[in-house]
Amino acid sequence: MSLVRRAVVEDAREVLRLRQVMIDSMDPGASTAWQAESLSGLRNRLADPDGSFAAFVVDHPERPDALAALVVGTLEYRIGGPGRPANGLIGYVFSVATDPDARRRGYARACMDELLEWFRERGAGHVMLTASPDAESLYASMGFSRDTTPSMRLRL
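Everything in this summary refers to the structure shown in the same document. On a predicted model such as this, the values are computed, not experimentally measured, just so you know.

1. So, the packing of aromatic side chains
Applying the stated criterion across every chain yields a total of three aromatic pairs. Taking the centre distance of 6.3 Å and the plane angle of 40° together, the rings of Phe-53 and Phe-94 count as tilted. Here Phe-53 is found in strand E2 (residues 53-59), whereas its partner Phe-94 is found in strand E4 (residues 89-98), with 41 residues between them in sequence. Residue class for Phe-53 comes out buried when judged on its relative accessible area of 8%. Summarising the aromatic geometry, the rings of Tyr-139 and Phe-144 are spaced 5.8 Å apart at their centres and angled 70° between planes, so their arrangement reads as edge-to-face. By relative accessible area, which is 6% here, Tyr-139 ends up buried.

Shown next as structure tokens:
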């Protein structure tokens, strides 16, 4: 049985906390003021299991009511074109984070595997993300390749 599950409304505050962990890794001391304004919208997205937004999480094994890892993405439509899916459906990953005391256990990778499957089931032609230098090798090991921009892409 997988440790990964789809995030639910009750996870919203923890999703925001882990997103801040990711933000802080790129911009230490970044403001957290955005969280209060984001909470309602996030709860609405998490409440819609058939929508174009998904978050996959692992519960923290040592801290009840806390999350250990998170991956968040959306399914987007973009007009097809050269190198783009004809149906226009693209997955976009925009948050990947692991609690500092839960790292190196494979949680984020397991969450990413679930998100990629979610994208496949919905017909995404490929998935895009922007990788930090530290994470680029992980994504490359999953089949993502460097695009001509800072983004990385995986054809599904």
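2. So, the pattern of salt bridges
Applying the stated criterion across every chain yields a total of 10 salt bridges. One salt bridge in this structure joins Asp-59 and Arg-5, with 2.8 Å as the shortest N-O distance. Of this pair, Asp-59 sits in strand E2 while Arg-5 sits in strand E1 (residues 4-6); the two residues are 54 residues apart in sequence, bridging distant segments of the chain. Take Arg-5: its relative accessible area is 26%, and that puts it in the partly exposed class. Salt bridges linked by common partners bring Glu-14, Arg-17, Arg-63, Asp-99 and Asp-101 together as one network.

3. Some words on the sheet that holds E4
Overall, mixed pairing links the seven strands, which are arranged E1-E2-E3-E4-E5-E7-E6 in an open sheet. With partners counted over all chains shown, the strands left at the sheet margins are E1 and strand E6 (145-146), one partner each. Taken together, the two bridges between E6 and strand E7 (residues 151-155) define a ladder with antiparallel strand orientation. Residue Arg-146 lies in a different strand from E7, and its bridge partner there is Met-152.

Cut-offs applied
Residues numbered from 1 in each chain as written. Predicted model: local features only at pLDDT ≥ 70, side-chain atom pairs only at ≥ 80, totals over all residues. Heavy atoms only, no water. Phe/Tyr/Trp six-rings, centres within 6.5 Å; stacked < 30°, edge-to-face > 60°. Helix = DSSP H or I, 4+ residues; strand = E, 2+ residues; numbered from the N terminus. Buried < 20%, exposed > 50% of the residue type's maximum accessible area, 1.4 Å probe, protein only. Salt bridge = Lys/Arg side-chain N within 4 Å of Asp/Glu carboxyl O. Pairing = 2+ DSSP bridges.

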